[in-house]
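Chain residues, written in single-letter form:
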Amino acid sequence: MTIFPVFVAPVLCYDNGMKSIWKPVNRMLLVAVAILLAAILVTPPVRPLLQPATHAAGIVPLTGLADPTPTPHTLHLPVIARSPIWFYTTSIYMKSINPTDAYNLGCAAGQADLARPGIQNSLIILDYGQPWRESGVYGVWLLSVGGFYTMDQVKASAAQFGYGYWVCTGADRSSHLTLGVGINSYGSYGTNSPDAGVRAAAARVHGEQWAQMIVQLGDIFTGNGVASQVTVAGAKDIELNWNVYQVTRAWVDGFNAYDAGIYNYYNFGACEGCPTRLLPGASPANGWSLDQIWYVSYGAAPAYPIPEIYATSGVNARQWAWLSWDSVLDKRGAIYYPGLMTQWQACQQRGCNATDNTPMQGYAQLFEELSYWMETAQSEIPWTTDIWWMYED
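Residues numbered from 1 in each chain as written. Predicted model: local features only at pLDDT ≥ 70, side-chain atom pairs only at ≥ 80, totals over all residues. Heavy atoms only, no water.

A.B. asks: Where do I start with the overall build of the chain in this structure?
C.D. replies: Each helix and strand counted, the chain has eight helices and 17 strands in total. Split into buried and exposed, the 393 residues of the chain put 56% on the buried side. Contacts spanning at least 24 positions in sequence make up 81% of the contacts within the chain whose residues lie at least 6 apart. Put simply, the chain shows about 15,100 Å² of open surface, and 55% of that area lies on carbon and sulfur atoms. (Helix = DSSP H or I, 4+ residues; strand = E, 2+ residues; numbered from the N terminus. Buried < 20%, exposed > 50% of the residue type's maximum accessible area, 1.4 Å probe, protein only. Contact = heavy atoms within 4.5 Å. Areas by Shrake-Rupley, 256 points an atom, 1.4 Å probe, with all protein chains shown as cover.)

Okay, structure coming up:
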């Protein structure tokens, strides 16, 4: 049994029309007394959507650069008492492109929302693996099991997931799912070239076509009624060590050029080596700069961050909080984090080394670190999602 404090944060409003504008409200709370409560959390308090079994194999931890042990710090007024949200979804490493499998997974998610009290607003990311091309055709190299699949095959799979969710929410016609159709940022984009310029050219086309696929999925959901409960978006696991900025920026710019001006993508990646409040002199990995990470995560028009908060040490949360603080210092305003990702279920399947935060621990870490500076604090982080390997014992 683990005991977490209830965290306190400023009351802030977020203007959806302008990412960089944060407006403190309720200034009268400056004279209020912050109330600290204790929330006793059992791990995990919510049954996972899909229950994995343990597995002996390990996965590579993506913790970034470690920093010193954190010390207690003072949060800033105005404050209200808040506690971590305990509801989370299951995102999925997709090991099958079969539409029937995707429908069944979507149906399970819909049934879960139907069973929960009230109206749900959640995020699920489907990670289809590595961006790829063969014989001039763009698509993905599927995770774990391998094999090349086209954009049309990815589209058919994701469409069935969304349809399954919509059907299986049953009488619940008010809950809403944002469905992120994702890939990672690893590799040569099918070029087999180490040259960044060659990779960037392929990444640009891949980004363009991924955005076009997302637009087409939106049209499908509008046509069959699914759009009343499912909003589709792109998603990309951007890891600094997987490619240089030039390559990843090319994909982002390609997506931005063909997203019809209305579709987002979510960076569910890492900030390896990034500075923290405890290690402000650190440098991001692989030659990246903080400005470049900011751009692909939030600066580009369709971009929003869903950071990986995996490390039990809290370093991931400190890295992403510092990125927002750096944005404040550069007078661009704080970054808004609509959600976060943990990998607790995947760790139960394959094993992890100190990167197995539960969803509640991940939420608590990021919420508290964002609250370290008044300018970066959020009154809540709406989405928490925990990733799982599809159908793995």
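A.B. asks: Teacher, can you tell me more about the state of the cysteines here?
C.D. replies: Simply put, disulfide is the name for a covalent bond between the sulfur atoms of two cysteines. Per the counting criterion, the structure on display carries three disulfides. Disulfide pairing is shown between Cys-107 and Cys-168; the S-S distance is 1.9 Å. In this structure, the disulfide formed by Cys-107 and Cys-168 twists by about -85 degrees around the S-S bond and is classed as left-handed. Here the residue Cys-107 occupies a position in helix H1 (residues 99-115), and Cys-168 occupies one in helix H2 (residues 151-168), the gap between them amounting to 61 residues. For the pair Cys-107 and Cys-168, one class covers both residues: buried. Disulfide partner of Cys-271: Cys-274, at an S-S distance of 2.0 Å. Because the sign of the S-S torsion sets the handedness, a value of about -80 degrees for the bond joining Cys-271 and Cys-274 places this disulfide among the left-handed ones. As far as burial versus exposure is concerned, Cys-271 and Cys-274 are alike and both buried. (Disulfide = S-S within 2.5 Å.)

A.B. asks: Please explain the pairing of strand S13 (residues 230-237) as it appears in this structure.
C.D. replies: Residues in a regular strand project their side chains so that they alternate between the two faces of the sheet. Within S13, seven of the eight residues are buried, which leaves the element mostly enclosed by the surrounding structure. By the bridge criterion, eight bridges tie strand S12 (residues 176-184) to S13 in an arrangement that is parallel. Across the sheet, Thr-178 pairs through a bridge with Thr-231, a residue of S13. Crossover handedness for the path S12 to helix H3 (residues 196-224) to S13: right-handed. (Pairing = 2+ DSSP bridges. Right-handed = clockwise from strand over helix to strand, strands pointing away.)

A.B. asks: What am I meant to see in unusual backbone geometry here?
C.D. replies: Leaving glycine aside, a negative phi is the common case for residues, and trans is the common case for peptide bonds. Of note in the backbone geometry, Asn-192 takes a positive phi value of approximately 55 degrees without being a glycine. Mapped onto the elements of the fold, Asn-192 is located in the loop between S12 and H3. The backbone of Ala-260 sits at a positive phi, close to 60 degrees, despite the residue not being glycine.

A.B. asks: Please clarify how the pattern of salt bridges should be interpreted in this entry.
C.D. replies: Charged atoms that come close allow side chains of opposite charge to pair. Taken as a whole and assessed by the stated rule, the structure comprises ten salt bridges. As a salt-bridge pair, Asp-330 and Arg-332 come within 3.4 Å of each other at their nearest N and O atoms. The exposure class of Asp-330 is partly exposed, given its relative accessible area of 37%. Here the salt bridges do not stand alone but share partners, grouping Asp-291, Asp-326, Asp-330 and Arg-332 into one network. (Salt bridge = Lys/Arg side-chain N within 4 Å of Asp/Glu carboxyl O.)

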